[in-house]
Amino acid sequence: NVLKGQAATTAGAWATGGNLNTARQQLAGGGIQDSALAFGGENSGTAQLGLTESYDGTSWTEVADLNTARNYNGGTGTSNTAALSVGGFASSNPVAVVELWGGSSWTEVADLNTARNGLAVGGTTTSSVAAGGDSSPTAARAKAETWNGSNWTEITDLNSARDGIAGAGASNTSAIVFGGFTPPISGVTETWNGSSWTEVNDLNTARVQAGGTGIVTSALAFGGDTPSITANTESWNGTNWTETGNLSVARKVLASAGVNSTSALAAGGGLPSPQTAATEEFTGAGSGLTRTFTDS
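Definitions and cut-offs
- Residues numbered from 1 in each chain as written.
- Predicted model: local features only at pLDDT ≥ 70, side-chain atom pairs only at ≥ 80, totals over all residues.
- Heavy atoms only, no water.
- Helix = DSSP H or I, 4+ residues; strand = E, 2+ residues; numbered from the N terminus.
- Rg over C-alpha atoms; globule rule 2.2 N^0.38 Å.
- Buried < 20%, exposed > 50% of the residue type's maximum accessible area, 1.4 Å probe, protein only.
- Contact = heavy atoms within 4.5 Å.
- Areas by Shrake-Rupley, 256 points an atom, 1.4 Å probe, with all protein chains shown as cover.
- Lys, Arg positive; Asp, Glu negative; His and termini not counted.
- Charge placed at Lys NZ, Arg CZ, Asp CG, Glu CD.
- Salt bridge = Lys/Arg side-chain N within 4 Å of Asp/Glu carboxyl O.
- pLDDT = per-residue confidence, 0-100.
- Pairing = 2+ DSSP bridges.
- Phe/Tyr/Trp six-rings, centres within 6.5 Å; stacked < 30°, edge-to-face > 60°.
- Axes fitted to C-alpha atoms, helices over the stretch in contact; angles between N-to-C directions.

Peer 1: I'm lost on the overall build of the protein in this one. Help?
Peer 2: Helix and strand content of the protein: 0 helices and 28 strands. For a compact globule of 296 residues, the expected C-alpha radius of gyration is about 19 Å, and the protein comes in at 19 Å, within 12% of that figure. For the protein, the spread of C-alpha atoms along the three principal axes comes to 70 × 40 × 35 Å. Classification of the 296 residues of the protein by burial places 55% in the buried group. Excluding contacts between residues fewer than 6 apart, the proportion of contacts in the protein whose partners are at least 24 apart in sequence is 51%. A total accessible area of about 11300 Å² is found for the protein, and carbon and sulfur atoms account for 47% of it. Charged side chains of the protein number 11 positive and 23 negative; the gap between the two group centres comes to 5 Å.

Peer 1: Quick question: what am I supposed to make of the pattern of salt bridges here?
Peer 2: One side chain can pair with another of opposite charge once the charged atoms of both are near each other. The tally for this structure, following the rule as stated, stands at 9 salt bridges. Salt-bridge contacts for Arg162 lead to Glu190; the nearest nitrogen and oxygen are separated by 2.9 Å. Remark: Glu190 occurs in strand β19 (residues 189-192) and Arg162 occurs in the loop between β16 (152-155) and β17 (166-171); sequence separation between them is 28 residues. The same class applies to Arg162 and to Glu190, which are both buried. As a salt-bridge pair, Arg207 and Glu234 come within 2.9 Å of each other at their nearest N and O atoms.

Peer 1: When you look at the confidence of the model for the protein in this model, what are you seeing that I'm missing?
Peer 2: Interpretation of this model should avoid reading the predicted coordinates in detail wherever pLDDT is low. In the predicted model, the protein carries a mean pLDDT of 92, and 93% of its residues have values of at least 70. Residue range residues 1-9 is modelled with pLDDT below 50. Its contacts to residues more than four positions away, or to other chains, number 30 contacts. Taken as a whole, residues 287-296 scores under 50 in pLDDT and shows 27 contacts with residues more than four places along the chain or in a different chain.

Peer 1: Got a minute to help me understand the pairing of β17 in this structure?
Peer 2: A regular strand places its side chains on the two faces of the sheet in alternate fashion. For β17, the tally of buried residues reaches 5 of 6 residues, placing the bulk of the element in the interior. As judged from the 5 bridges shared by β17 and strand β18 (residues 174-178), these two strands associate in the antiparallel manner. Across the sheet, residue Ala166 finds its bridge partner in β18, namely Phe178. The antiparallel hairpin formed by β17 and β18 contains 2 residues in its connecting segment.

Peer 1: Would you mind going over the packing of aromatic side chains with me for this structure?
Peer 2: Aromatic ring pairs are described here by two measures, namely the spacing of the ring centres and the angle between the planes. One pass over the full model with this rule turns up 9 aromatic pairs. Centroid distance Phe39 to Trp106: 5.1 Å. Interplanar angle 65 degrees. Geometry classified as edge-to-face. Linking Phe39 in strand β4 (residues 35-39) with Trp106 in strand β12 (residues 106-109), this pair joins segments that are 67 residues apart in sequence. With a relative accessible area of 0%, Phe39 lands in the buried category. With a centroid separation of 5.1 Å and an interplanar angle of 35 degrees, the aromatic rings of Trp147 and Trp152 are classed as tilted. Using a relative accessible area of 6% as the deciding quantity, one classes Trp152 as buried.

Peer 1: Can you walk me through the sheet that holds strand β23 (residues 233-236) in this structure?
Peer 2: Whether parallel or antiparallel, the strands of a sheet pair through hydrogen bonds between backbone atoms. Across the sheet, which stays open at both edges, the 4 strands sit in the order β21-β22-β23-β24 with antiparallel pairing between neighbours. Either end of the sheet is taken by a strand with one partner, and the two such strands are β21 (211-215) and β24 (241-244). Put simply, the sheet's adjacent strands are angled 20 degrees from each other on average, direction ignored. Where strand β22 (residues 218-222) meets β23, 4 bridges bridge the pair, whose relative direction is antiparallel. Opposite Leu220, over in β23, you have Ser235 as the bridge partner.

Peer 1: Explain the sheet that holds β17 here, please?
Peer 2: Reading across from one edge, β17-β18-β19-β20 is the order of the 4 strands in this open sheet, with antiparallel pairing throughout. With one partner strand each, in any of the chains shown, β17 and β20 (197-200) form the two edges of the open sheet. Recorded for the sheet is a direction-independent mean angle of 20 degrees between the axes of neighbouring strands. Looking at chain direction, β19 and β20 are connected through 4 bridges and run antiparallel.

Peer 1: Where do I start with the environment of Gly245 in this structure?
Peer 2: When you line up the elements, Gly245 lands in the loop between β24 and β25 (255-260). Under the relative-accessibility criterion, Gly245 is labelled buried at 16%. Placed 13 residues apart in sequence, Gly245 and Asn232 show a C-alpha to C-alpha distance of 7.6 Å.

Structural data, given as structure tokens:
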């Protein structure tokens, strides 16, 4: 008999990180697992918050507030020193307000063309896509726009109009959006290539108000409402969604950050009762080595 090694793939898993200082839901996030930002949201039905917290991989620190307090905003960014807060719900209306985080303060930049909340945003602070969201009229829920660091430009509509949508992306020519409420609750996934949206394979579990991170070829969807609040997590490889390790705390309308399907952050969010400060860090699927004996 000869001892041989054989690679074995293990599922990704979530581990507990440092709690937010202020528990909240309906907030946005941006950055990566060990350098992230969480901003906006609401707490126990209070007015919208401008509260912003910065994560260093261990703990959250409160930093300067958004200029426009809001919830259900979209967020993206590359670190805890570079992020965008896009749209959202302020006072009693969807807003078009966009703010840029430069590491110490928020600066208002050019507005979206269409005010909206519950939208998906993916990319960087100089090159990103915003799509879907709740607005008036309802037809605007299919609208999509790209950001070039100075201005928003309306682009081709989504194939499936929806709000409460999640998304991710690398730039204004490469993005992915998934889930949302059409109605009904949807698992539809679409990718953007710089000129058109293409419908690809659906999520295994349709959901609304989920977290989303990554890029077109490597993304993660987690949490959300199915309509029951779920901990379900799925990994996207550019072709298919595959179920992987669940969140420890089931939640929706949470902040998310991460660069791909193997590294992500989930913070805050709404539970079946109030909201949470819980933070979890995702480490994606990896390879171990199993040993087998074979005859020779």
